[in-house]
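# Notes for the structure review
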Amino acid sequence: RNLSACGGFDVCDDMVTDDIMTPLVVLLKECSTGLDANQPSPKKCRGVNKNYIEDIANEAINLLWNICECNNTALYIFNKEGCLEAVLHYMKKFTTNVDLAISVANCLQAVTEDNPDLLSSFNASAQQILEAVMMSPESTMKHILLRTLIAGTIWNIKDTIPPGSLGSTVNAILKIFSESLAIDAGETIIRMNEAEKNRLKLAVEPETEENMSDTTENCVLSEDDNMEEIPKGKLRGENDVSDLLPSDKWELKEVTALLTAQQTALEIIVNMCCSEDPSDDEWEEVSSSDESDLFMENSYNEGSGLLLSPLCLSDEVNSAFLNNLIPKKILEKTAFPNSVAVDICMHNPSWKPLIKKLNAVQCRALTCLQSILLVSDVDCLGGASALQSLAQHLSQLIFSKTELPTDTEFLEAVTSALRALLQTMASKNISQCMTPEQLLALCEAGIQSSNASVRVNVVSILGISGSVLAKGQDTAETLKMIGKFLLEVAMKESSLVVAGEALDALFDVFADGEEAERAALQIKLLSTLKEFQPVFRMRIRKEGKGQYSTDQLCVLDNVKMNLRRFIAYQETLGRTPT
């Protein structure tokens with residue numbers, strides 16, 4: 001399991017090549033059968049009941065999850081050998097062994113993603129098992145994580161659900177996500193850390209060495225008691241390894257489960273926003289809560305009137321999206337983590353890995369916000385004032401500290417959200433609240449990032465804002481600064497994709513308007529682009545093949561063609577400097 005979790009694709013591929021799936025499938029089915037056999041009373045390991053068949057099953061499921069997520073052959077074997085039945089059999093233990101159920105749920109979410117061959121195996125019995133888990137009333141953070149993962153699995157297999165039931169199912173999924181996102185992770189960390197301190201103070205004196213030897217005979221711990229960091233995952237977010245934490249850290253396990261649930265919920269909402277339009281008859285009989293009127297009254301973000309809805313879904317599901325206050329809760333998660341909670345984690349080695357999870361939740365929320373902005377119209381976003389308030393919020397995230405943020409993941413997420421927002425505002429002629437100085441400061445910092453996506457975003461942001469400024473009065477000086485910046489990026493940027501984006505931004509900024517024409521003359525835009533044009537063409541020929549995808553090359557070809565047209569257009573204006 002550890003090798004598969006830490007070794008990534010190469011190690012998992014080698015495992016499959018060496019036929020690990022044959023003994024693993026046998027083991028899974030053997031353990032599944034063993035769950036129903038009469039087992040002796042569980043032994044105690046340091047005061048914790050141990051059921052060894054369930055423990056072995058847990059390790060086997062985690063290994064299966066890791067391998068199937070990395071290797072298509074393993075996924076094919078999973079389908080062919082009917083592993084789903086055995087895996088679902090383990091899920092029936094969710095009331096007595098939530099750790100095993102969480103491992104199963106993680107595995108199910110992985111094997112059901114983009115796996116149409118498995119859909120036929122989800123019969124009524126299988127769906128009843130998943131439904132039972134979704135409807136479970138337990139309120140621990142682990143159970144919230146379990147329900148969130150199962151909700152993700154059900155979203156993956158939504159094509160197996162009868163059309164008449166699909167609406168109510170999606171409503172149930174969104175309620176689970178709402179439940180998870182409603183919890184304040186920072187306050188939970190503070191509360192759980194205090195609970196841990198109180199529990200340790202009240203703990204009984206340690207047992208004598210002789211007594212310990214009696215209770216720990218044949219006991220195997222998965223991780224050292226002094227483990228300081230949760231092992232890092234490799235793919236979608238992080239693999240859940242919270243079950244490897246020592247058993248005496250249950251408060252830390254609870255917080256870890258909550259943050260994993262929130263991150264998972266946000267990732268699935270992104271997928272929901274990006275889904276294709278369903279037909280109208282697929283969304284019938286969406287169940288409405290008695291509290292729906294109250295929810296609708298409160299579905300505006302306090303102080304800004306923000307109302308978000310992913311319009312790629314049907315009206316009924318949009319209503320469920322709003323009724324469950326999903327947009328408001330997403331926006332709340334985009335804020336920086338609670339400083340008191342972060343300080344607690346910083347000074348506690350066992351809790352320190354939670355800082356990374358807190359930051360991951362914020363970044364996923366920003367990505368979620370971006371997805372909603374891309375698929376919603378202005379009215380459903382709350383109108384111009386709501387968008388301006390949102391722009392102020394994103395600006396505050398970027399400029400609230402003395403130095404601009406340098407964390408690559410955060411920069412990519414926040415600039416992607418800001419880019420989508422500014423594009424929406426520009427398309428509807430809504431005035432933007434960022435000053436030219438703020439824009440240039442953001443772009444100068446972002447263009448230094450090692451992440452090409454961040455560089456593309458800041459260049460695009462500058463292009464969007466510049467095109468708006470070009471329509472105004474007395475903006476030539478600002479447009480000159482923007483033009484110089486974009487020209488320098490286009491000519492000096494190492495990535496052709498970023499250079500192409502800078503050229504596109506130039507085309508937008510200097511497409512029209514007296515202020516743009518005046519600025520273009522002063523920075524000698526036309527002559528500079530004419531000199532650069534053959535250089536750009538040569539770079540595409542030399543660097544394009546092998547370094548960039550087909551889609552990227554197609555975009556670059558369009559940029560090359562647009563560059564020629566833009567130069568011709570500028571020449572017709574008679575703007576060649578004397």
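Everything numeric in this text was worked out from a predicted model, so none of it was measured.

## Quick notes on the overall build of the protein
A tally of regular secondary structure across the protein gives 26 helices and 2 strands. Looking at the protein residue by residue over its 578 residues, the buried ones come to 51%. Across the protein, every contact between residues at least 6 apart in sequence was considered, and the portion connecting residues at least 24 apart equals 78%. When the accessible area of the protein is evaluated, it comes to approximately 27,200 Å², of which 49% is carbon and sulfur surface.

## Description of a negative patch on the surface
A cluster of acidic residues, D10, D14, D18 and D19, forms a negative patch on the protein surface. Of note, D18 is situated in the loop between helix 1 (2-17) and helix 2 (21-36).

## What about the packing of aromatic side chains?
According to the stated counting rule, one finds 4 aromatic pairs in the structure shown. Between F507 and F566, the ring centres sit 5.0 Å apart and the planes meet at 35 degrees, which makes this aromatic pair tilted. Taken together, the residues span a long stretch of sequence, with F507 in helix 23 (residues 496-509) and F566 in helix 26 (residues 550-572) at a distance of 59 residues. Taken as a pair, F507 and F566 share a single burial class, namely buried. Here the aromatic rings of F566 and Y569 are separated by 6.5 Å at their centres, their planes lie at 45 degrees, and the arrangement is tilted. Of this pair, F566 and Y569 both sit in helix 26, 3 residues apart, roughly one helical turn. The exposure class of Y569 is partly exposed, given its relative accessible area of 30%. An aromatic cluster is built from F507, F566 and Y569, whose rings are joined through pairwise contacts. Geometry around W155 places K158 over its ring, the cationic atom sitting 4.2 Å from the centre.

## Considering helix 22 (residues 476-492)
For helix 22, with 17 residues, the first-to-last C-alpha span of 24 Å sits near the 24 Å given by 1.5 Å per residue. All buried positions along helix 22 are accounted for by A476, T478, L479, K480, I482, G483, F485, L486, L487, V489 and A490. Lining the buried residues of helix 22 we find helix 20 (436-446), helix 21 (452-469), helix 23, helix 24 (514-522) and helix 25 (525-547).

## Some details on the packing of helix 17 (residues 353-375) against helix 18 (residues 383-399)
Interhelical geometry of helix 17 versus helix 18 gives an angle of 150 degrees and a closest axis separation of 14 Å. Relative to helix 18, the element helix 17 lies roughly antiparallel. The crossing of helix 17 and helix 18 is left-handed. Contacts from Q362, L366, L369 and L373 of helix 17 reach helix 18 at L387, L390, L394 and L397. Class assignment of the residues belonging to the contact of helix 17 with helix 18 gives a composition of 7 nonpolar, 1 polar and no charged.

## Describing the side chain of N58
Secondary-structure assignment places N58 in helix 3 (residues 52-70). Of note is the side chain of N58, whose polar atom sits 2.5 Å from the side chain of S103.

## Remarks on the pattern of salt bridges
With the rule as written, the count across this model stands at 16 salt bridges. Residues E501 and R419 are paired through a salt bridge, measuring 3.6 Å at the closest nitrogen-oxygen approach. In this pair, E501 is assigned in helix 23 and R419 in helix 19 (residues 408-427), connecting sequence segments 82 residues apart. Residue R419 is classed as partly exposed on the basis of its relative accessible area of 25%. One salt-bridge network, in which partners are shared between bridges, spans E267, R364 and E409.

## Some details on the nonpolar core
In this structure, M91, L146, I150 and F177 are the most contacted members of the largest nonpolar core, which totals 94 residues. For this core, the element with the most residues is helix 12 (residues 250-273), which contributes 13 residues. Listed in part, the 69 residues of the second largest apolar core include L421, V459, F510 and A516.

## Comments concerning the confidence of the model for the protein
A residue-level look at the protein finds 80% of positions with pLDDT of 70 or above and a mean pLDDT of 83. Note that residues 207-238 has pLDDT below 50 and, in this model, 59 contacts with residues that lie over four places away or in other chains. The model gives residues 277-312 a pLDDT under 50, and that stretch makes 93 contacts with residues more than four places away or in other chains.

## What about unusual backbone geometry?
With a phi angle near 65 degrees, D19 is a residue other than glycine that sits in the positive phi range. Assignment of secondary structure puts D19 in the loop between helix 1 and helix 2. A positive phi is found at D474, a non-glycine position, where the angle reads about 55 degrees. Locating D474 in the fold gives a position in the loop between helix 21 and helix 22.

## Quick word on the packing of helix 23 against helix 26
It is at 10 Å that the axes of helix 23 and helix 26 come closest, and there the two elements cross at 35 degrees. The two elements helix 23 and helix 26 meet at a crossing, and its hand is left-handed. Contacts between helix 23 and helix 26 involve L496, V497, G500, L503, D504, L506 and F507 from the former and Q552, L556, V559, N562, L563 and F566 from the latter.

## Topic: the environment of V468
You can see V468 is positioned in helix 21. Relative accessible area serves as the criterion here: at 29%, V468 is assigned to the partly exposed category. Distance in space between the C-alpha atoms of V468 and D508 is 9.3 Å, their sequence separation being 40 residues. Once residues lying within four places of it in the same chain are set aside, the contact partners of V468 are A426 and Q432.

About the cut-offs
- Counting restarts for each chain, with residues numbered from 1 along the sequence as it is written.
- In keeping with the predicted nature of the model, local features appear solely for residues at pLDDT of at least 70, side-chain atom pairs appear and are counted solely at 80 or more, and the whole-chain, interface and lining totals rest on all residues.
- With hydrogens and water set aside, each side-chain value is computed from the structure's full complement of heavy atoms.
- Helix and strand assignments follow DSSP, with helices taken as H or I runs no shorter than four residues and strands as E runs no shorter than two, numbered in order from the N terminus.
- Accessible area is worked out with a 1.4 Å probe on protein chains only. A residue is then buried under 20% of its type maximum, exposed over 50%, and partly exposed in between.
- Contact definition: two residues touch when any of their heavy atoms are within 4.5 Å.
- Calculation of accessible area relied on Shrake-Rupley with a 1.4 Å probe; when residues are assessed, cover is drawn exclusively from the protein chains displayed.
- The patch calculation keeps residues exceeding 30% relative accessible area without a salt bridge and links them within 9 Å when they carry like charges or within 5 Å when they are nonpolar (Val, Leu, Ile, Met, Phe, Trp, Tyr).
- A pairing counts as a salt bridge when a side-chain nitrogen of Lys or Arg comes within 4 Å of a carboxyl oxygen of Asp or Glu.
- None of His or the chain ends enter the tally, which takes Lys and Arg as positive and Asp and Glu as negative.
- Positions of charges follow a simple convention, taking NZ of Lys, CZ of Arg, CG of Asp or CD of Glu.
- Any Phe, Tyr or Trp ring, taking Trp's six-membered ring, that has another such ring centre within 6.5 Å forms a pair; planes under 30 degrees apart are called stacked, those over 60 apart edge-to-face, and the others tilted.
- Here, a charge over a ring means that NZ of Lys or CZ of Arg falls within 6 Å of the ring centre while also lying within 35 degrees of the ring normal.
- An expected span of 1.5 Å times one less than the residue number is assigned to each helix.
- Each axis is a line fitted through C-alpha atoms, taken for helices only over the stretch in contact, and angles between the N-to-C directions span 0 to 180 degrees.
- Any angle that is under 35 degrees is reported as roughly parallel, and any over 145 degrees as roughly antiparallel; angles of 65 to 115 degrees are reported as roughly perpendicular and all others as oblique.
- A clockwise turn of the near helix away from the far one marks a right-handed crossing, whereas an anticlockwise turn of less than a right angle marks a left-handed crossing.
- Nonpolar residues are Ala, Val, Leu, Ile, Met, Phe, Trp, Tyr, Cys and Pro. Charged residues are Asp, Glu, Lys and Arg, and all others, Gly as well, are polar.
- We call two N or O atoms a polar contact when they sit within 3.5 Å, provided that within protein one can donate a hydrogen and the other can accept it, with sequence-adjacent residues counted only if both atoms are side-chain atoms.
- We call a set of buried residues a nonpolar core when its members are Ala, Val, Leu, Ile, Met, Phe, Trp, Tyr or Cys and they connect through side-chain atoms within 4.5 Å of each other.
- The pLDDT score gives, residue by residue, the confidence of the prediction method on a 0 to 100 scale.

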